[in-house]
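Observations on chain architecture
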Amino acid sequence: MSAFPSASLIPVPFRTIVYREVHRFFIVINQTLLAPVISAVLYLFIFGFSLGDRFGSFHGYSYLNFLVPGLVMMGLVNNSFQNPSSSLMISKFEGNIVDILMAPIGHVEIVLGYMLGGMFRGLLVGGSILVVSCFLALPPFSHPLYLVAVALCSSALFSLFGIVAGIWAEKFDDLAMFPTFIITPLTYLGGVFYSISILPPLWRKVSLLNPLLYMINALRFGFLGVSDVNPFWSLAALGILDAVLFSVCLAMLRSGYRLRK
Amino acid sequence: MRALSGITLSIPRGELFGLLGPNGAGKSTLINIVAGLVKRSSGEVKVFGHDVERDYRTTRALVGAVPQELVYDHFFTVRQTLKIQSGYYGLTRNGDWVEELLQRLELKTHENKTIRELSGGMKRRLLVAKAMVHRPAVLILDEPTAGVDVALRRSLWDLVRQVHREGTTVVLTTHYLDEAEELCERVGIINHGAFVALDRKEALMQQIHHRCVTLEFSSRMARLPPELETLGAKLSEDGIRASMLVDRNDASLQRLLSVLGRGELPLKDFQVYGAGLEDVFLQLTSDSSEKTVGRGASQAVS
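The text that follows walks through the structure, step by step, so that each part is easy to find. (Residues numbered from 1 in each chain as written. Chains lettered and ligands numbered in written order. Predicted model: local features only at pLDDT ≥ 70, side-chain atom pairs only at ≥ 80, totals over all residues.)

Here's the deal with the overall build of chain B
This is how the line gets drawn: Secondary structure elements follow DSSP: runs of H or I no shorter than four residues count as helices, runs of E no shorter than two count as strands, and numbering proceeds from the N terminus. Counting other C-beta atoms within 10 Å of a residue's C-beta gives its exposure: the residue is buried at 20 or more, exposed at 12 or fewer, and partly exposed in between, where C-beta atoms are placed from the backbone.
The helix and strand inventory of chain B stands at 12 helices and 12 strands. For chain B, buried positions account for 41% of its 302 residues.

Below, the structure is given as structure tokens:
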């Protein structure tokens with residue numbers, strides 16, 4: 001008996017992990033794609049239309065225009081995180097994580113596979129929110145290449161964060177801590193709904209410690225050309241954080257941390 | 001705490017090897033080290049000369065393992081599961097083999113069902129199909145027939161024999177000792193993380209000297225002849241059966257036959273049970289104070 005692996009420029013195991021990760025969330029599309037898009041649309045209606053006039057303009061743009069990049073980033077980071085983290089947690093819970101652990105797959109392929117699966121879902125949700133938002137307020141797309149770079153780096157960062165969380169968590173309750181106590185507070189306090197320029201000086205300084213602030217403002221810079229923080233430092237920091245988290249994921253897989261006994 | 005200690009085992013290419021032992025003895029730890037699920041703390045484990053940690057990609061491509069637990073991915077159908085499993089092993093053009101596996105394991109009619117819709121036996125068969133999807137040179141089966149019905153058990157045995165005939169090295173752990181007796185060429189019995197026996201199946205069974213003899217009478221006996229009582233025979237409560245253990249290394253059997261040969265007993269039937277792996281297993285894995293002969297002893301006092 002012998003096996004003949006298919007020759008391909010892109011390794012088949014890596015492609016398979018991406019296929020599985022993407023196919024998996026499409027099977028539960030109501031939960032993974034429609035629910036976050038509907039939530040974002042509700043935010044747009046409530047804050048954009050109903051309350052938007054009370055906030056006035058931000059950097060010369062309507063509140064609705066200001067709000068869209070923040071909502072896109074919120075959908076993007078949440079879903080980029082949730083895809084690998086829930087996939088790994090479910091695999092560990094159901095035991096099918098052994099399929100990947102027993103297969104001849106390199107650690108880099110595993111990390112990249114889960115990361116791309118998460119990125120795809122994050123970008124799809126973020127993109128869908130953007131498409132729906134365009135019917136309500138078309139943003140000017142001031143720096144499109146920068147916009148794409150920020151979206152890719154942000155989704156990669158939170159996918160990698162999701163891999164770390166999925167490996168680390170031993171039960172679903174552990175995993176629930178991340179969106180509840182970290183991602184949601186940082187997103188809400190990171191300037192999705194307001195500019196930090198309206199905050200008192202002390203809270204403005206405190207906000208600068210929030211990494212989501214840089215990501216949301218970077219995306220806003222891509223759309224509107226305005227930002228509360230230096231957009232190029234934001235992108236550089238995102239790139240560095242991506243590299244650091246990628247290394248952390250690799251180290252966890254190589255050591256077998258919470259995966260191999 | 002060490003799960004395994006002092007294990008030295010070499011399984012020749014093409015062998016059908018049985019790994020037996022009580023729960024917690026270290027069987028799964030041993031095979032999980034080979035499969036890459038457990039990291040060894042010391043020692044060396046190789047598959048066809050390749051170290052399972054240094055050359056892990058080579059060894060994992062050579063090994064297919066059926067885990068003990070029913071692990072499955074409920075998002076996918078049977079066919080999708082096998083496609084994904086093939087992809088993990090770098091295979092995209094193995095459709096014919098996947099088809100053959102579906103047929104052999106009687107999963108063809110269920111190929112579009114999600115795993116949740118399968119019965120326990122079908123899930124077990126799917127695990128076997130997954131382990132074989134890349135045509136492994138070494139197939140490790142960790143209790144493959146646990147919880148399956150008799151017919152399926154037989155068909156899984158046939159499959160194991162077939163892949164073994166085709167040249168696959170098979171390592172089987174099982175709680176069903178008749179399964180090891182039926183299938184395996186060589187058997188290792190592990191207890192407290194170390195081998196207590198490692199030999200050919202027949203050689204191990206030779207270690208058991210006792211035979212269990214049962215006699216059935218055509219009429220009720222009030223008591224047994226004194227010669228039989230001195231051989232340890234016990235009469236059942238209804239007086240129509242007697243059973244005893246005889247040692248094949250002494251003259252017990254000869255004396256028994258001599259008593260029976262006189263024709264004074266209303267003998268209707270006569271049965272001798274040889275030692276099986278179960279006897280060997282129990283003798284080697286029970287504490288010394290409790291050593292017994294499994295099947296023989298249980299039948300002798302029934």
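The discussion continues.
A word on the overall build of chain A
Which entries qualify depends on this criterion: Radius of gyration here uses only the C-alpha atoms, and the compact-globule reference equals 2.2 Å multiplied by the residue count raised to the power 0.38. Residues are treated as contacting if the C-beta atoms built from their backbones sit within 7 Å of each other.
A count of helices and strands for chain A gives 11 helices and zero strands. Starting at the N terminus and ending at the C terminus, chain A contains elements arranged as α-α-α-α-α-α-α-α-α-α-α. For chain A, the C-alpha radius of gyration of 19 Å lies close to 18 Å, the compact-globule estimate for 261 residues. When the backbone C-alpha atoms are referred to their principal axes, chain A occupies close to 70 × 35 × 35 Å. For chain A, the residues scored as buried account for 47% of the 261 residues in total. At a minimum sequence separation of 6, the contacts of chain A that also span at least 24 residues come to 83%.

Some points on the packing of helix α10 (residues 211-224) of chain A against helix α11 (residues 231-255) of chain A
Residues and elements named next belong to chain A. Convention followed: What counts as an axis is a line fitted to C-alpha atoms, over the stretch in contact for a helix, and the angles between N-to-C directions run from 0 to 180 degrees. Oblique is the label for any angle not covered by the other classes, which are roughly parallel (under 35 degrees), roughly antiparallel (over 145) and roughly perpendicular (65 to 115). Each crossing gets its handedness from the near helix: less than a right angle anticlockwise from the far helix is left-handed, clockwise is right-handed. For this classification, Asp, Glu, Lys and Arg are treated as charged, while Ala, Val, Leu, Ile, Met, Phe, Trp, Tyr, Cys and Pro are nonpolar and the rest, including Gly, are polar.
Interhelical geometry of α10 versus α11 gives an angle of 125° and a closest axis separation of 9 Å. With respect to each other, α10 and α11 are oriented oblique. Handedness of the crossing formed by α10 with α11: left-handed. Seen from α10, the contacting residues are Y214, M215, N217, A218 and F221; seen from α11, they are P231, S234, L235, A237 and L238. In terms of residue class, the contact of α10 with α11 is built from eight nonpolar, two polar and no charged.

Considerations on the pairing of strand β8 (residues 194-200) of chain B
All names here are of chain B. Here is the rule we go by: Only when DSSP finds a minimum of two bridges between them are two strands counted as paired.
As paired elements, strand β7 (residues 186-191) and β8 share six bridges and run antiparallel to each other. Counted as the bridge partner of N191 is A194 from β8. Remark: two residues form the turn of the hairpin made by β7 and β8, two consecutive strands paired antiparallel; H192 in that turn has positive phi of roughly 50°.

Quick notes on α10(A)
Residues and elements named next belong to chain A. What counts here: Here a helix's expected span is defined as the number of its residues, less one, multiplied by 1.5 Å.
Look at α10: 20 Å from first C-alpha to last across 14 residues, which is about the 20 Å you get at 1.5 Å a residue. With 13 of 14 residues buried, α10 is to be regarded as a mostly interior element. Following α10 by one or two positions, G225 adopts a phi angle in the positive range, close to 80°.

Digging into unusual backbone geometry
Negative phi characterises most residues that are not glycine, and trans characterises most peptide bonds. One non-glycine residue with positive phi stands out, namely A:R258, at about 55°. Assessed through the 14 C-beta atoms surrounding it within 10 Å, A:R258 is described here as partly exposed. Of note, the phi angle at B:R135 is positive, near 50°, even though the residue is not glycine. Topologically, B:R135 is positioned in the loop between α5 (120-132) and β5 (138-142). Under the C-beta neighbour-count criterion, B:R135 is labelled partly exposed, with 19 such atoms within 10 Å.

Let's talk about the packing of helix α2 (residues 29-50) of chain A against helix α6 (residues 107-134) of chain A
The geometry of a pair of packed helices is captured by two quantities: the angle between their axes and the separation between those axes. All names here are of chain A. Contact geometry for α2 and α6: axes closest at 9 Å, N-to-C directions at 40°. By the angle between their axes, α2 is oblique relative to α6. Taken as a pair, α2 and α6 cross one another with a handedness that is right-handed. Seen from α2, the contacting residues are T32, L33, P36, V37, A40, V41 and L44; seen from α6, they are R121, L124, V125, S128, I129, V132 and S133.

Quick notes on the interface of chain B and chain A
Contact with chain B, which involves 31 residues of that partner, is made by 27 residues of chain A. Per-element accounting of the side of chain B that touches chain A gives the leading share, four residues, to helix α3 (residues 78-88) of chain B. Tallied by class, residues from the side of chain B that touches chain A come to 14 nonpolar, nine polar and eight charged.

Quick notes on the sheet that holds strand β9 (residues 210-217) of chain B
All names here are of chain B. Read across the open sheet, the four strands follow the order β10-β11-β9-β12; overall the sheet is antiparallel. On the outer flanks of this sheet lie β10 (234-235) and β12 (267-273), each paired with one strand and no other. Where β10 and strand β11 (residues 241-247) come together, two bridges link them in antiparallel fashion. Across the sheet, residue L235 finds its bridge partner in β11, namely A242.

Considerations on the environment of A:F158
Residue and element names in this part refer to chain A. If you trace the backbone, F158 turns up in helix α7 (residues 144-168). Separated by 76 residues in sequence, F158 and S234 place their C-alpha atoms 15 Å apart. In this structure F158 touches V77, S80, F81 and G122, once residues within four positions along its chain are discounted.

Some words on the nonpolar core
Which entries qualify depends on this criterion: In these notes, a nonpolar core means any group of buried Ala, Val, Leu, Ile, Met, Phe, Trp, Tyr and Cys residues linked to one another through C-beta atoms within 7 Å.
Formed by 136 residues in total, the largest nonpolar core has its most connected members in A:L71, A:L219, B:A129, B:I140 and B:V170. Looking at this core element by element, the count peaks at 13 residues for helix α4 (residues 63-94) of chain A. For A:L71, the contacting residues outside a window of four places in its chain are A:A40, A:Y43, A:L44, A:I129 and A:V192. In this structure, B:V213, B:L215, B:L231 and B:V246 belong to the second largest nonpolar core, which totals 12 residues.

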